[in-house]
Amino acid sequence: IEAAALRQAIHDNYLEDRQGMTMCFDVLVQYLVTLSIGEGFEEKQIKKEIKNTACFESITDAEWKWVISFTSLGGDSLGSYSDYNRIKLVEEKYRVSNQRIARRHRLSIGTIVSETMMSVRLGRGGQVGHVEESFIASMKEGDNFWFAGLNLELVRVKELTAYVKKSTKAGGRSPAWLGGKLPLSSKMSDVLRQKMDEASAGNEKTKWKDIELKFIQPIMKLQKERSHVPAQDELLIELFQSDDGYHAVIYPFEGRFVHEGLSALFALRISRMYPVTFSFAYNDYGFELLSDQPIRIEDALGESLLDPENLERDVLSGVNSSELARRKFRDIAAISGLVFKGYPGEPIKDRHLQSSSQLIFQVFEDYDPKNLLLRQSYDEVVNYQLEMPRLVRAMNRMFNQKIIITRPEKPTPFAFPIMVDRLRDRMSSETLGDRIKRMSVDWG
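For clarity, every value in this text was computed on a predicted model and none was experimentally measured. (Residues numbered from 1 in each chain as written. Predicted model: local features only at pLDDT ≥ 70, side-chain atom pairs only at ≥ 80, totals over all residues. Heavy atoms only, no water.)

**Student:** Describe in detail the overall build of the chain, supporting the description with residues and values.
**Tutor:** If you tally the helices and strands in the chain, you get 18 helices and 14 strands. Scored against the burial criterion, the 444 residues of the chain give a buried share of 43%. Within the chain, counting contacts between residues at least 6 apart in sequence, those at least 24 apart form 66% of the total. Of the roughly 24,000 Å² of accessible surface on the chain, 51% is carried by carbon and sulfur atoms. (Helix = DSSP H or I, 4+ residues; strand = E, 2+ residues; numbered from the N terminus. Buried < 20%, exposed > 50% of the residue type's maximum accessible area, 1.4 Å probe, protein only. Contact = heavy atoms within 4.5 Å. Areas by Shrake-Rupley, 256 points an atom, 1.4 Å probe, with all protein chains shown as cover.)

**Student:** Can you explain the sheet that holds strand S5 (residues 144-147)? Please cite residues and give values.
**Tutor:** In spatial order, the strands read S4-S3-S7-S6-S5; together these 5 strands make up an open sheet with mixed pairing. The two strands at the open ends of the sheet, each matched to only one other strand, are strand S4 (127-132) and S5. Taken over all neighbouring pairs, the strand axes of this sheet differ in orientation by 40° on average, direction set aside. Pairing of S5 with strand S6 (residues 150-158) involves 4 bridges; the strand directions are antiparallel. Within S6, the residue paired with Phe 145 across the bridge is Leu 152. (Pairing = 2+ DSSP bridges. Axes fitted to C-alpha atoms, helices over the stretch in contact; angles between N-to-C directions.)

**Student:** Explain the packing of helix H10 (residues 256-271) against helix H12 (residues 311-318) to me, and be specific about the residues and the numbers.
**Tutor:** It is the contact of H10 with H12, at a shortest axis distance of 8 Å, that shows an interaxial angle of 90°. Our classification of the angle between H10 and H12 gives roughly perpendicular. Of the residues in H12, those touching H10 at Gly 261, Ala 264, Leu 265, Leu 268 and Arg 269 are Leu 311, Asp 314, Val 315, Ser 317 and Gly 318. Along the lines of polarity and charge, the residues of the contact of H10 with H12 split into 5 nonpolar, 3 polar and 2 charged. (Parallel < 35°, antiparallel > 145°, perpendicular 65-115°, else oblique. Nonpolar A, V, L, I, M, F, W, Y, C, P; charged D, E, K, R; others polar.)

**Student:** Pulling in residues and values, what's your account of H12?
**Tutor:** If you check which residues of H12 are buried, you get Leu 311, Asp 314 and Val 315. The buried side chains of H12 occupy one side of the element, clustering within an arc of 100° when seen end-on. Buried-residue contacts for H12 involve H10 and helix H16 (388-399). (Arc of directions from axis to C-beta.)

**Student:** Now, about the side chain of Glu 254: what can you tell me, with residues and values included?
**Tutor:** Its location among the elements puts Glu 254 in the loop between strand S9 (245-251) and H10. Since its relative accessible area comes to 5%, Glu 254 is described here as buried. A polar atom in the side chain of Glu 254 sits 3.3 Å from the side chain of Arg 193. When sequence neighbours within four positions are dropped, the list of residues in contact with Glu 254 reads Leu 184, Ser 189, Arg 193, His 259, Asp 284, Arg 390, Ala 394 and Arg 397. (Polar contact = N/O pair within 3.5 Å; in protein donor to acceptor, adjacent residues only side chain to side chain.)

**Student:** Tell me about the packing of aromatic side chains, and please be specific about residues and values.
**Tutor:** Here the structure, examined in full by the defined rule, presents 15 aromatic pairs. With 5.3 Å between their ring centres and 90° between their planes, Phe 266 and Phe 287 make a pair best called edge-to-face. Taken together, the residues Phe 266 in helix H10 and Phe 287 in strand S11 (residues 287-291) connect sequence positions 21 residues apart. Classification of Phe 287 by relative accessible area gives buried; the value is 0%. (Phe/Tyr/Trp six-rings, centres within 6.5 Å; stacked < 30°, edge-to-face > 60°.)

**Student:** Just give me the short version of the pairing of S4, but keep the residues and values in it.
**Tutor:** Bridge analysis of strand S3 (residues 117-122) against S4 gives 5 bridges, and the strand direction is antiparallel. For Met 118, the partnering residue across the bridge sits in S4 and is Val 131. From the end of S3 to the start of S4, which pair antiparallel, there are 4 residues.

**Student:** I'd like to hear about the pattern of salt bridges, residue by residue, with values.
**Tutor:** By the definition in use, this model includes 20 salt bridges. Put simply, Lys 195 and Asp 210 hold a salt bridge, and the shortest N to O gap is 2.7 Å. Taken together, the residues Lys 195 in helix H7 (residues 186-201) and Asp 210 in the loop between H7 and helix H8 (211-215) connect sequence positions 15 residues apart. A residue is classified by how much of its surface remains accessible, and Asp 210, at 5% relative accessible area, is buried. A salt bridge links Arg 397 to Glu 254; the shortest N-O distance between them is 2.9 Å. With Arg 397 in helix H16 and Glu 254 in the loop between S9 and H10, this residue pair connects regions lying 143 residues apart in the sequence. Residues participating in the shared-partner salt-bridge network are Asp 190, Arg 193, Glu 254, Glu 387, Arg 390 and Arg 397. (Salt bridge = Lys/Arg side-chain N within 4 Å of Asp/Glu carboxyl O.)

**Student:** Can you explain the nonpolar core? Please cite residues and give values.
**Tutor:** Leu 262, Phe 266, Ile 270, Leu 289, Phe 329 and Leu 338 are the most contacted members of the largest nonpolar core, which totals 67 residues. In contact with Leu 262, not counting residues within four places along its chain, are Pro 252, Phe 287, Leu 391, Met 395 and Met 398. Core analysis: the second largest hydrophobic core is formed by 25 residues, Ala 199, Val 229, Phe 240 and Phe 414 among them. (Core = buried A, V, L, I, M, F, W, Y, C linked by side-chain atoms within 4.5 Å.)

**Student:** Give me the confidence of the model for the chain: which residues, what numbers.
**Tutor:** Atom-level detail of predicted coordinates should not be read off regions where pLDDT is low. Per-residue pLDDT for the chain has a mean of 86; in total, 90% of the residues score no lower than 70. Here residues 425-429 is a poorly scored stretch, pLDDT under 50, and it has 3 contacts once near neighbours within four places are set aside; other chains count. (pLDDT = per-residue confidence, 0-100.)

**Student:** Explain the side chain of Ser 119 residue by residue, including any values.
**Tutor:** As for its position among the elements, Ser 119 is in strand S3. You can call Ser 119 buried: its relative accessible area is 8%. Residue contacts for Ser 119: discarding those within four places in its chain leaves Gln 127, Gly 129, His 130, Leu 160, Thr 161 and Ala 162.

**Student:** Could you give me a rundown of the environment of Ala 333, with the residues and numbers involved?
**Tutor:** Checked against the element boundaries, Ala 333 lands in helix H13 (residues 321-336). Taking the relative accessible area as the measure of exposure, Ala 333 reaches 0% and is therefore buried.

**Student:** Describe the sheet that holds S11, listing the residues and the values that go with them.
**Tutor:** Spatial ordering of the open sheet is given by S10-S11-S9-S8-S14, a layout of 5 strands whose pairing is mixed. Whereas interior strands pair on both sides, the edge strands pair on one side only; in this sheet they are strand S10 (279-282) and strand S14 (402-406). Each adjacent strand pair in this sheet contributes to an overall mean axis angle of 20°, direction not counted. H10 rests against S9, S10 and S11 of the sheet, and its axis sits at about 35° to S11.

**Student:** Report on unusual backbone geometry, specifying residues and quantitative values.
**Tutor:** The backbone of Asn 13 sits at a positive phi, close to 55°, despite the residue not being glycine. Structurally, Asn 13 can be placed in the loop between helix H1 (2-11) and helix H2 (25-36). Of note in this structure, Asn 310 is not a glycine but carries a positive phi near 55°. Turning to its location among the elements, Asn 310 is positioned in the loop between helix H11 (297-302) and H12. The exposure class of Asn 310 is partly exposed, given its relative accessible area of 43%.

See below:
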């Protein structure tokens, strides 16, 4: 269905919005230091240049003064550390304070902060290539995977190197890259809901214009038998029980990031009604709330579960916004030069970079709460990770939709992949494939 939606969007020239980042103070700090290690810069001239950019057109005089103060003196909390006194005024121009800082900055220039990469190396051979750390972290010694055209077995992991040997085992995983886990966009979600409606409403007599919609009919038929396929003006909620507990699965079809915020929001608002603990799972199509007691979703709907009022406040109360901001700050600290990643051939270990950025974050929280880099980390969580503007639009749409509540005896085809995503995060001696096969047998 997603493939059919993508083809339709291309055919209709239905283009995504390009939303530029704004008020990226970490990039601004890096830019000023970069200028200072060259010919230096005059404050009035550069301020005019900065205000002419889309990113900083709304920067205030107070914010500009803070950036200059932070870059030259370390702000209110880092002034005692010479590494953060990076630029100084010399003959009406700001220049780098010393060559050591200039050398370190040259090695750190850039604003792309990627997932940590691990080297893949054959035990008695050379380097095969690099994969993201998150992929190797999900494997254990003895597991095999396909990489660079080779069937490899993981032997051991030491620091940021995965040592492997050639394998003859059948199967094997393929590397998963975080760049390939992008959530559904807003416009893609719109077309997906349209195609879902077509897939549900069509039949052999009317013929589907997309071959994918015909191909998916056995699954759509099973979904209808066990529950319901929502139309564009409907919001489907499924309630069922399994050995894991009581499930409530909701299908807004709004993308993974929005569902992360919605799951936290729903859990918070339901927990205000009665004491209950939830675990979450979500994918691009919906999210699951799991509890050890029945989930009173009808009562929650009657108590303004879908009310768009106080949305941002409730979402940030429902998620660990401080922890999300702390993770986001790791990238901000690297871009702004608050942490140094090391010299060529002598990289600083990621765990040390992580602890350093967390320490600085905590210092700002405790002693410099007006720090603009700290504010930026929270703003980026709200606007880009939780996609708050889009979440608000989704809630307004759901508020006006017809609510369809079903109580299937077994998990439905729509619910199954969401439950599998939850299984990925569990520790088990069984492989994920074995657990999925057992679930398939248990649930038909």
